[in-house]
Amino acid sequence: MIHRFYLILLLIFVGFAMMKPDKNPVIHVPKGWPKPTYDFKKNPLNEATIELGRQLFYDPVLSRNDQVSCASCHLQQTAFTHIDHALSHGIDDRIGNRNSPALVNLAWGKIFMWDGAVNHLDVQALAPIENHLEMDEKIANVVLKLQASKTYRGRFFNAFGDSTVTGERTLKSISQFLLTLVSTNSKYDQVMRKEKGIQFSESEQKGYVLFKKHCAACHTEPLFTNGLFENNGLKPDSTLNDIGRMGVTHRSSDSLKFKVPTLRNIERSPPYMHDGRFRNLQMVLFHYSNGIHASPTLSPQLKNTIALNEQEKGCVIAFLKTLTDTEFLMNPKYGYPK
Amino acid sequence: MCCFLRKGAAKIKLLISDGKTTSLLIGFLSAFSLTAQTDWSVSFKPMIEQQPLVLNQIYAVKNDTFRIDVFRFYLSGISFLKQGETVFSESNSYHLIDAEDTASYRIAFHSPKNLTFDEIQFNVGIDSATNVAGVMGGDLDPTKGMYWSWQSGYINFKLEGWNPKSTARKHEFQYHLGGYMVPYSALTTVRIPFDKEQSTDSITVQLATFLEQLNTAELPAIMSPGERAVTLSQVLPTIFSSK
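Residues numbered from 1 in each chain as written. Chains lettered and ligands numbered in written order. Predicted model: local features only at pLDDT ≥ 70, side-chain atom pairs only at ≥ 80, totals over all residues. Heavy atoms only, no water.

I tried to follow the overall build of chain B on my own but got confused; where do I start?
Per the secondary structure count, chain B includes 5 helices and 14 strands. Within chain B, the fraction of its 243 residues that count as buried is 50%. Sequence separation of at least 24 residues holds for 71% of the intrachain contacts in chain B that already meet a minimum separation of 6. As displayed, chain B has an accessible area near 12,000 Å², and 53% of this comes from carbon and sulfur atoms. (Helix = DSSP H or I, 4+ residues; strand = E, 2+ residues; numbered from the N terminus. Buried < 20%, exposed > 50% of the residue type's maximum accessible area, 1.4 Å probe, protein only. Contact = heavy atoms within 4.5 Å. Areas by Shrake-Rupley, 256 points an atom, 1.4 Å probe, with all protein chains shown as cover.)

Next comes the structure, spelled out in structure tokens:
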């Protein structure tokens, strides 16, 4: 009897030992950061799904002619933006309407695209996939192409336990990869964490003080965006006539407002602004000190001139460069899948 | 077991004192299967006047002519009422009705037996909470052709076809009605008499009523949220009826 009891105990023990250990990956939320906006309960991260998402991100199969991938306009080394192109170009060399945004810390994003047309990270990828200037494909056809691929059926099996490809699974996998793109290890972060031997130089420190005074109301730490829509005083470009947020809400009070972009890795992501009109940070700083175009929806933060001399501008730029996170930009986990 | 029942009774009392009696009590009772369950269904039948809708066929409606190429819409939040009180609400209630797949016309329910009701209520389209909740599967999968990629949100109701008066290319028309953001929410609620037993019964979706409201000469297409989508969506509750 006693023996049988021990045998059962042993079996229970072995049973527990054979259970898959719970090692679901989680994204790192640094101390003092807000809680991510993304609801991970609805799409719990797991390694196989993240890997599937990475494959999809780098695979031109998402485009109509199998030539354009997400990475075409979102290169890791340039902070997941399309460097050197004011307006990003897509399929058949068609030119888009805006500058592709940096992909970073998306788990904290509330609303996506320059005008907030996309309301959730899970449906973000639909926009470039179906835009006729970008990938010009249909999500239903992407699903057919993936379902026809033995390799992808295997990857979906690994991620979801069966090999059925659906729009939901495809998009949730892409989300999983995007959610892992977390940048929290720039020099700025290390200084804030008071890491040993790391401190701002004199000009970076001076730039940080000026930044907090003039820029931080919109580019709020630690994400360096308040996630809101603002008119930052850019003169409308008559070749584009982009009204920004108003195109989505139809409210005139939203005219010429665009989402405040994060400044993380800003050094690596020129050109700047929704239409990529500024080639470098000097031009951006000149805009804020000398080039504000007044209009009824201009951000209240910009109604008074920001007076910065050349030396001060240099300091602000020195500070902005401390937001570059080389580890993030070089991390092989985010790169082209081997 | 006895203790369990006592706890249950205490819970009921608590709920009654909360004043949320009806709906919670129903939920509680059905969850415990105190009453037997039954499977039944309701069919939604798209018609053009007296004829069942067949895609790509030409119909005369009053003094006009129409051909329907695409017809798809969402039904959501289906519930049944008796004397104004909800007697059964379908949970996770989202259904795509698609004329290309007539099997989608029939909606199956699993509910307590011997329900009686005199009205049915449902939404035409998708509620705003679901519109902002990310990507969904099943009937709500974005591959169903009922999701706007360029500006997040579901298309509640999609009708495409041909009418000689249309000023668009090839005299075609396209109405994609949707939008969840205030003040341009195009979601409409239908509540109509439905005095039936739980048997297979049907609700008529009278497309002629909708077609008569169209002005394909002046407005042959609506394909984005806004005032025009909201205005035309107001017609939708009038196209449903039970015999």
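What is the right way to look at the overall build of chain A in this model?
Tallying secondary structure elements over chain A gives 14 helices and 2 strands in all. Looking at chain A residue by residue over its 338 residues, the buried ones come to 51%. In chain A, once contacts between residues fewer than 6 apart in sequence are set aside, the share between residues at least 24 apart is 67%. In the form shown here, chain A has an accessible surface area of approximately 17,400 Å², with 58% of it arising from carbon and sulfur atoms.

So what exactly am I meant to see when it comes to unusual backbone geometry here?
Excluding glycine, residues mostly have negative phi values, and the peptide bonds linking residues are mostly trans. A cis amide bond links A:Glu221 to the next residue, A:Pro222, at an omega of -5 degrees. Relative to the helices and strands, A:Pro222 resides in the loop between helix H10 (202–214) and strand E1 (229–230). The residue A:Asn241 is not glycine, and still its phi comes out positive at about 45 degrees. Here A:Asn241 shows up in the loop between E1 and helix H11 (246–249). Phi is positive for B:Asn114, which is not a glycine, with a value near 60 degrees. By secondary structure assignment, the location of B:Asn114 is in the loop between strand E7 (106–112) and strand E8 (119–124). Taking the relative accessible area as the measure of exposure, B:Asn114 reaches 69% and is therefore exposed.

Just to check I follow, could you spell out the state of the cysteines for this structure?
Every disulfide links exactly two cysteines, by a covalent bond between their sulfur atoms. Residue and element names in this part refer to chain A. For the coordinates displayed, the defined rule picks out 0 disulfides over all chains. Among the cysteines around Cys-73, which has no disulfide bond, Cys-70 carries the closest sulfur, lying 9.3 Å off. The buried category is assigned to Cys-73, whose relative accessible area is 14%. Considering cysteine sulfurs only, Cys-218 is the nearest to Cys-215, which forms no disulfide, with 9.2 Å between them. (Disulfide = S-S within 2.5 Å.)

Looking at this structure, I do not really get the interface of chain B and chain A. What am I missing?
Interface size, as often reported, equals the accessible area lost upon joining of the parts. The interface of chain B with chain A comprises 21 residues on the first partner and 23 residues on the second. Looking at the side of chain B facing chain A, the largest losses of area belong to B:Val135, B:Thr143 and B:Ser149, adding up to 33% of the total buried there. Summed over the shared surface of chain B and chain A, the result is 8 residue pairs in polar contact (both at pLDDT 80 or more). By residue class, the composition of the side of chain B that touches chain A is 12 nonpolar, 8 polar and 1 charged. (Buried area = accessible area lost by both parts, 1.4 Å probe. Polar contact = N/O pair within 3.5 Å; in protein donor to acceptor, adjacent residues only side chain to side chain. Nonpolar A, V, L, I, M, F, W, Y, C, P; charged D, E, K, R; others polar.)

What is the right way to read the layout of surface pockets from this model?
Gaps between atoms show up when a probe of the same size as a water molecule is rolled over them. Residues and elements named next belong to chain A. Considered as a void within the structure, the second largest pocket measures approximately 420 Å³ in volume. Looking at the lining of the second largest pocket, the elements that each hand over two or more residues are helix H2 (47–57) and helix H14 (326–330). Residue contributions to the lining of the second largest pocket peak at 4 residues, all from H2. A per-class count over the lining of the second largest pocket returns 9 nonpolar, 6 polar and 6 charged. (1 Å grid on protein atoms, 1.4 Å probe; cavity = no way out; pocket = protein on both sides within 12 Å on 5 of 7 lines; lining within 4 Å. Points joined across faces, edges and corners; volume = space filled by probe spheres on them.)

Quick question: what am I supposed to make of the pairing of strand E1 (residues 37–48) of chain B here?
Consecutive residues of a regular strand have side chains that alternate between opposite faces of the sheet. Residue and element names in this part refer to chain B. Within E1, 9 of the 12 residues are buried, leaving the element largely enclosed by the surrounding structure. Here E1 runs beside strand E12 (residues 201–206); their pairing, made up of 6 bridges, is parallel. Among the inter-strand pairings, Phe-44 is bridged to a residue of E12, identified as Ile-203. For E1 and strand E2 (residues 51–52), the ladder comprises 2 bridges, and the chain directions are antiparallel. Its bridge partner being in E2, Ile-48 is matched across the sheet by Gln-51. Here E1 folds back onto E2 in antiparallel fashion, the turn holding 2 residues, of which Glu-49 has a positive phi close to 50 degrees. (Pairing = 2+ DSSP bridges.)

Quick question: what am I supposed to make of empty space enclosed by the protein here?
Residue and element names in this part refer to chain A. Here the structure, examined in full by the defined rule, presents 1 cavity of 30 Å³ or more. One number sums up the size of the largest cavity: a volume of about 100 Å³. In terms of lining, the largest cavity is formed by 14 residues, of which the most central are Pro-236, Asp-242, Phe-258, His-274 and Arg-277. When the residues that make up the lining of the largest cavity are grouped by side-chain class, the tally is 5 nonpolar, 4 polar and 5 charged.

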